[in-house]
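A structural walkthrough
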Amino acid sequence: MVELNFDISSVQTNDYEPLAPGVYDGEIVAAEQRTSGTGNDYLSLQIRLGNNRVVFDNLNLWHKTSEAAVEIAIKKLAEIAKAIGVGNISDSNIMLTKPMNFRIGLRRDDQKQNEVIAYEPPDSMPPPAGAQAAITAPLQEVATAAPTPPWQG
């Protein structure tokens with residue numbers, strides 16, 4: 001036996017709360033074919049978001065019994081191809097470290113876990129709240145501050 005005398009009260013653990021649903025920038029950093037406990041192969045994606053959080057998505061491209069699962073995976077793979085601007089994906093390395101946006105939601109069966117709902121091009125993110133007002137307000141000030149044109153005088 002090894003005596004540790006370890007007190008956990010002085011250590012901050014990484015108890016992550018799920019991300020708020022929304023659109024996040026990031027990139028796929030790893031893609032690996034894996035086999036589930038039920039014997040179905042799938043493509044496991046590791047995604048690093050711009051806020052340094054990591055989320056995962058599993059694409060059931062080779063599911064043996066669920067055509068619906070395969071269809072969903074094919075649609076997501078097509079979204080990835082469009083997001084990175086390629087016509088086809090011949091191998092998983094093509095999608096790695098390409099900037100894109102990820103629409104993140106909460107899992108229906110477990111609201112404490114995130115899921116990737118959609119993959120989008122990097123320029124698809126809406127401007128931050130208030131950004132449009134910050135652009136429009138100075139233009140309105142200029143328009144109202146302008147003197148009356150001579151032909152209207």
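Before going into details, it helps to say that this report is about the structure given with it. Just so it is clear, the model here is predicted, and its values are computed rather than measured. Note on numbering: residues in each chain are counted from 1, in written sequence order. Per-residue local features of the predicted model are confined to residues with pLDDT of at least 70, and side-chain atom pairs are confined, for both listing and counting, to 80 or more; whole-chain, interface and lining totals are unaffected and use all residues. The basis for every side-chain value is the complete set of non-hydrogen atoms in the structure, without hydrogens or water.

To continue, consider the environment of asparagine 52. Segments assigned H or I by DSSP are reported as helices when at least four residues long, segments assigned E as strands when at least two residues long, and all are numbered from the N terminus. Tracing the sequence through the fold places asparagine 52 in the loop between strand 2 (41–49) and strand 3 (54–62). Each residue's exposure class comes from its accessible area (1.4 Å probe, protein chains only) as a fraction of the maximum for that residue type: buried when under 20%, exposed when over 50%, partly exposed otherwise. Classification of asparagine 52 by relative accessible area gives exposed; the value is 59%. A sequence separation of 26 residues divides asparagine 52 from glycine 26, and the C-alpha atoms of the two residues are 8.6 Å apart.

Any two strands are treated as partners once DSSP identifies two or more bridges connecting them. Judged by pairing direction, the sheet is antiparallel, and its five strands sit side by side in the order 3-2-1-4-5 without closing on themselves. Edge positions in the sheet fall to strand 3 and strand 5 (114–120), since each of these pairs with one other strand and no more. Between one strand axis and the next, the sheet turns by 45° as a mean value, whatever way the strands run. Pairing of strand 1 (residues 22–35) with strand 4 (residues 100–106), which is carried by five bridges, proceeds in the antiparallel orientation. Bridge pairing links aspartate 25 to asparagine 101 in strand 4. Each of strand 1, strand 2, strand 3, strand 4 and strand 5 is contacted by helix 1 (residues 67–84), which is oriented at about 120° to strand 3, the strand it contacts most. For every element, the axis is a line fit to its C-alpha atoms; helices are fit only across the contacting stretch, and the angle between N-to-C directions ranges from 0 to 180 degrees. Any pair of residues with heavy atoms lying within 4.5 Å of one another is described as a contacting pair.

Each nonpolar core is a collection of buried residues, namely Ala, Val, Leu, Ile, Met, Phe, Trp, Tyr and Cys, held together in the definition by side-chain atoms within 4.5 Å. In terms of nonpolar packing, the biggest core is built from 22 residues, with Ile28, Leu45, Ile47, Ile80, Met100, Phe102 and Tyr119 touching the most fellow members. Elements with a contribution of two residues or more to this core: strand 1, strand 2, strand 3, helix 1, strand 4 and strand 5. Residues contacting phenylalanine 102, with those up to four places away along its chain left out, are Gly22, Val23, Tyr24, Asp25, Gly26, Glu27, Ile28, Ile47, Leu49, Val116, Ala118 and Tyr119.

What is shown is where atoms sit, not what they do.
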